[in-house]
Amino acid sequence: MHEIAVGPPHPARPLIPGRRCVVTGSAGFIGAQLCARLVRDGWSVTGIDGFTDSYDPVEKVMRAAGLVRTEGISLVVGDLCELDLDAAFAGADVVFHLAGRAGVRASFTDVDRYEHDNVTATERVLAAARRTGVRRIVYASSSSVYGNGETPFHEDAVPGPISPYGRTKLEAEQRCLGASGHGLEAVALRYFTVFGPGQRPDMGLRLFAEAAVLGRPVTLLGDGTQRRDFTYVSDVVAATVAAADAPADGLPVNVGGGCDVSVLDVLDLLRDLVGNELVLDVRPFAQGDVRVTSADLGRAQRLLGFEARVPFAAGFEREVAWVRGRLDRRVPVPA
Ligand SMILES: NC(=O)c1ccc[n+]([C@@H]2O[C@H](COP(=O)([O-])OP(=O)(O)OC[C@H]3O[C@@H](n4cnc5c(N)ncnc54)[C@H](O)[C@@H]3O)[C@@H](O)[C@H]2O)c1
């Protein structure tokens, strides 16, 4: 993909007094909401995204279109493995590195893409950050690095990822943390299943909500006893902003919602929210699906001042309303 500078990352656009940062993955679910929050906080933001084919790129382009009209944000479009990152990073204090290929299931069939987007891209980001004098990198790691480890997951536990996704996230995280002390500070945030309006279209809660709102069968992988520590997107964004200055250099830090919700609990709540019985299409457990995730939040509370503010039920209600609004606005396709 070619580099297209959408809104130049230089003083042609009046800069908001404050600090400058880079957000990779700025057209992604979390990255776009992080960019919006950072400019509200007074940062000048350069977003980078390659609109990869991990899911419908139109969804990413729409998020970017929302950002590009915002004063204080400029966007660079292209693959992190090909772009001239030095130009984009010049003058940045912090790089929030959220770009990556997310999702466990697809990682079993597309290992090369996961290596490219998670490991090779991170290596390039680190090299450019060192060359350009970036002070800190905040890396979006994942609870997937723990696999089926003992719960609650503590950052000091030995990681044991059980999918190529988890393995590539761990490798990238280790490279980031390994850079700490060599002219760059690094913090790896281990996000736990992030949800809320704008969620990626391949994620369970969104798939459930779309099927239920459309009155279609809801596909359930496994028996629904899997339990997740779901984390609302604005809480993840708050933790990520805090990580720019927190005394956490060289450390992984869990970012979890502090809830313990089974998939069956999700379906019960969804039934109430849509006001209909759900028709379930039950299939076997997905490969790489861990049974339980649960974050030990002591380090996040201590070092980031983190506190999850949005409880699961309230957050899921907002996501279902967002899904409904989106589907209502769809242009009907002629028969
Ligand atoms: N959503 C979650 O529940 C969750 C949980 C744990 C960790 N994470 C991590 O957080 C980050 C953001 O997740 P998300 O849900 O917003 O995902 P997302 O797929 O919506 O966003 C990632 C963005 O990165 C971009 N990208 C990927 N590879 C790129 C490359 N080589 N060059 C340029 N751009 C590239 C994609 O186009 C995409 O817009 C990811 O790194 C993911 O692994 C997410």
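See the structure above.
Here goes a summary of the coordinates provided. Small disclaimer: the values here were computed from a predicted structure and weren't measured. (Residues numbered from 1 in each chain as written. Predicted model: local features only at pLDDT ≥ 70, side-chain atom pairs only at ≥ 80, totals over all residues.)

1. What about helix H7 (residues 233–242)?
Every α-helical turn comprises 3.6 residues, leaving residues that sit three or four positions apart pointing alike. Worth spelling out the cut-off: Counting other C-beta atoms within 10 Å of a residue's C-beta gives its exposure: the residue is buried at 20 or more, exposed at 12 or fewer, and partly exposed in between, where C-beta atoms are placed from the backbone. Each helix corresponds to a stretch of at least 4 residues labelled H or I by DSSP, and each strand to a stretch of at least 2 residues labelled E; elements are numbered beginning at the N terminus.
Most of H7 is tucked away, with nine of its ten residues classed as buried. Those residues of H7 not exposed but buried are Val233, Asp235, Val236, Val237, Ala238, Ala239, Thr240, Val241 and Ala242.

2. Describing the nonpolar core
Here is the rule: The term nonpolar core refers to a group of buried residues, namely Ala, Val, Leu, Ile, Met, Phe, Trp, Tyr and Cys, whose C-beta atoms join them within 7 Å. A pair of residues counts as a contact when their C-beta atoms, built from backbone coordinates, are within 7 Å of each other.
Grouped together as the largest cluster of nonpolar side chains are 91 residues, with contacts concentrated most on Cys21, Val95, Leu189, Ala239 and Ala243. Per element, the largest residue contribution to this core is seven residues, and it comes from H7. Setting aside its immediate chain neighbours within four residues, cysteine 21 contacts Leu38, Trp43, Val45, Ala92, Asp93, Val94, Val95 and Phe96.

3. A short note on the site of the ligand
Just so we agree on the cut-off: In this text, near has one meaning. A residue is near a molecule or strand if its C-beta atom, placed using the backbone, is within 6 Å of it. The residue classification treats Ala, Val, Leu, Ile, Met, Phe, Trp, Tyr, Cys and Pro as nonpolar and Asp, Glu, Lys and Arg as charged. All others, Gly included, are polar.
Surveying the vicinity of the ligand reveals 29 residues, the closest of which are Gly25, Gly28, Gly50, Gly100 and Val194. At the level of secondary structure, the elements contributing two or more residues to the shell around the ligand comprise helix H1 (29–40), helix H4 (111–132) and strand S6 (136–142). The dominant element in the shell around the ligand, judged by the number of residues it contributes, is H1, at three residues. Class assignment of the residues belonging to the shell around the ligand gives a composition of 13 nonpolar, nine polar and seven charged.

4. A few points about the packing of helix H6 (residues 204–214) against helix H10 (residues 312–328)
This is how it is decided: Where helices are involved, their axes are fitted lines through C-alpha atoms of the stretch in contact, as for all axes, and angles between N-to-C directions lie from 0 to 180°. Oblique is the label for every angle not falling under 35 degrees (roughly parallel), over 145 degrees (roughly antiparallel), or within 65 to 115 degrees (roughly perpendicular). With the far helix as reference, a near helix turned anticlockwise by less than a right angle produces a left-handed crossing, and one turned clockwise produces a right-handed crossing.
One can describe the packing of H6 onto H10 by two numbers: an axis separation of 9 Å at closest approach and a directional angle of 55 degrees. Compared by their axis directions, H6 and H10 come out oblique. Between H6 and H10 the crossing geometry is right-handed. Contacts between H6 and H10 pair Leu205, Arg206, Ala209, Glu210, Val213 and Leu214 from the former with Phe316, Glu319, Val320, Val323, Arg324 and Leu327 from the latter. Looking at the contact of H6 with H10 residue by residue, the classes come out as eight nonpolar, no polar and four charged.

5. Overview of the environment of serine 142
Position of serine 142 among the secondary structure elements: in strand S6. The exposure class assigned to serine 142 is buried, which follows from the 27 C-beta atoms found within 10 Å. Considering only alpha carbons, one finds serine 142 and lysine 169, 27 residues apart in sequence, at a separation of 6.7 Å. With near-sequence residues (within four places) excluded, serine 142 lies in contact with Gly166, Lys169, Arg190 and Tyr191.

6. Examining the environment of tyrosine 55
Looking at the element boundaries, tyrosine 55 is found in the loop between strand S3 (44–49) and helix H2 (57–68). It is 9.9 Å that separates the C-alpha atoms of tyrosine 55 and arginine 101, two residues lying 46 residues apart in sequence. Setting aside residues up to four positions removed in sequence, tyrosine 55 forms contacts with Arg200, Pro201 and Asp202.

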